[in-house]
Every structure is written in structure tokens, then in C-alpha cells.
Amino acid sequence: MDSTYRHADLTTDQQHALLTAARTLAEEFTGTFGTETIERFLHSSYDQFAGRAVIANYLPLLAERFARQQLRALARVEGKDDAGVPIVLFLCVHNAGRSQMALGFFTHLAGQRALGWSGGTEPGELINAAVVEVMHERGIDITGEFPKPWTSEIVQAADVVVTMGCGDACPVYPSKRYLNWDLDDPDGKAVEQIRPIRDDIERRVRTLLADLEIPAL
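Residues numbered from 1 in each chain as written. Predicted model: local features only at pLDDT ≥ 70, side-chain atom pairs only at ≥ 80, totals over all residues. Heavy atoms only, no water.

## Digging into the layout of surface pockets
Reasoning step 1: Considered as a void within the structure, the largest pocket measures approximately 500 Å³ in volume.
Reasoning step 2: In terms of lining residues, the largest pocket is bounded by 23 residues, among which Arg72, Leu115, Gly116, Trp117 and Glu145 are the most central.
Reasoning step 3: Elements with a minimum of two residues in the lining of the largest pocket: α3 (59-77), α4 (98-110) and β2 (115-120).
Reasoning step 4: Of the residues belonging to the lining of the largest pocket, the class tally is 9 nonpolar, 8 polar and 6 charged. (1 Å grid on protein atoms, 1.4 Å probe; cavity = no way out; pocket = protein on both sides within 12 Å on 5 of 7 lines; lining within 4 Å. Points joined across faces, edges and corners; volume = space filled by probe spheres on them. Helix = DSSP H or I, 4+ residues; strand = E, 2+ residues; numbered from the N terminus. Nonpolar A, V, L, I, M, F, W, Y, C, P; charged D, E, K, R; others polar.)

Here it is, written out as C-alpha cells:
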């Protein structure tokens, strides 16, 4: 894979980072997807984050991570994924609060026995700092996550889609299992007000894991 992502506002370092990301993804998905598909997802992922990224230097990394998620989703949809674990997608509006807490608990409690993703209908720029703090109180670090959109591949690949406050903007696909969690939005709330929301989300995640017959760690 020798092409670079040509874009007027990309620095040489960013072009190099995207080229490295393309090569990394090509190695991971060897035998599953070709160069054209991998580059298409990588470049479209870059464009999705470019307009709202707070720190431009992180763009190639965000693009690589989101492209990887979409490629995994596409592999599941096309029957090329043999991981065999259930996938749960958590959706809210900005993917900066409720869905990130749910993903944090799900990943922490499920371990390698299930895969969790999250997304937003109108992704924000950063995860809510107060949400990061209350999750840290429970020993869960979500600083490595970032607000991101959902795509058709991601929704179709999920076994369960959990929606939280995104209403009609949340995607609906026939025969997909949906759960709607009625939760207060932590946006603009103090830590003390977010803790009960966090605890409610943990209870719901534990119930979901039990329903999926996945013992919580």
C-alpha cells in the first residue's frame, strides 16, 4: 500500500501517519478486504473527524480507530468475521456521556466475551469531563474513547442496539433487537448529579449481560 492520502490541509506528518495507518489496517485485514476498501474507510473516517477535531495531530489516529471499527462491522455483516462474540452498540446524541458510560461498564464487565461499540447522532468534540471523573471513581478509564458517529455497517453488525435519548434520529433496521434506556442527559450537570445516572447505567448493563448469558467480571 504505497498511496498517501492527498488533501490540501494535511501536513507531511499527517500524510505519513495516514499511510502508516493504511498499512497497519491492511495487515490486520489481510485476506478479508483489499487495499481499495481499506483506504476508502480510512479516508472517509478522516473526513468525518476533520471538521470537528480539537487537536489536529490526533486526526490520523482517530481515523484509523474508526476505520478499524467499521471494517470489523463490515466483516461481520458480510459473514467474514468468525470471532463469534455478541456485539452491543450504545447510542445517544453526542456520544459524550451516557453511551460512553454504558460502553465503559460493558467493556469492563464483559471482558473478551462480548464486543461493545458506541456512537452518536450528533457527535460532540470531547467526552464530558465530569463523566470521565465519575467513571474514574469506579476504576474505569474512558479517556481513550472519543465521540464518533454511527454508520450503517456498525448498526447492522450489532446484535443489540441500546438507544439513550436520540429519539427518531436513532437508526432503525428491521429485525434488529433494540433497547431504549430512559436516562437523564449528564450534559451540563455536576459530578454529584451524574453519579446516580452512572449507577443506573451500571445496573442496566449488568442486566443486559445477564440477559445475554455473559457473566460479569
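What follows continues from the structure just given.
## Regarding the sheet that holds strand β4 (residues 177-180)
Reasoning step 1: Strands sit in the order β2-β1-β3-β4 across an open sheet of 4 strands; the sheet is parallel. Both outer strands of the open sheet, β2 and β4, are each paired with one neighbouring strand and no more. Ignoring which end each strand starts from, the neighbouring axes of this sheet average 20° apart. (Pairing = 2+ DSSP bridges. Axes fitted to C-alpha atoms, helices over the stretch in contact; angles between N-to-C directions.)

## Here's the deal with the packing of α4 against helix α7 (residues 191-211)
Packed helices, taken two at a time, are described by their axes: the angle between them and the distance between them.
Reasoning step 1: As a packed pair, α4 and α7 sit with axes 9 Å apart at the nearest point and diverge in direction by 45°. In terms of orientation, α4 and α7 fall into the oblique class. Every pair of crossing elements has a handedness; the one defined by α4 and α7 is right-handed. Note on element contacts: α7 touches α4 through Ile194, Ile197, Arg198, Ile201, Glu202, Val205, Arg206, Leu208 and Leu209, opposite Arg98, Met101, Ala102, Phe105, Phe106, Leu109 and Ala110.
Reasoning step 2: Tallied by class, residues from the contact of α4 with α7 come to 12 nonpolar, no polar and 4 charged. (Parallel < 35°, antiparallel > 145°, perpendicular 65-115°, else oblique. Left-handed = near helix turned anticlockwise from the far one by under 90°. Contact = heavy atoms within 4.5 Å.)

## Quick word on α3
Think of an α-helix as 3.6 residues a turn; residues three or four steps apart then line up on the same face.
Reasoning step 1: Taking 1.5 Å as the rise per residue, α3 with 19 residues should run 27 Å; its terminal C-alpha atoms sit 27 Å apart, in good agreement.
Reasoning step 2: Phi for Gly79, located one or two positions after α3, is positive at around 75°. (Expected span 1.5 Å × (residues − 1).)

Note that all results are geometric; they support no functional claim without further evidence.
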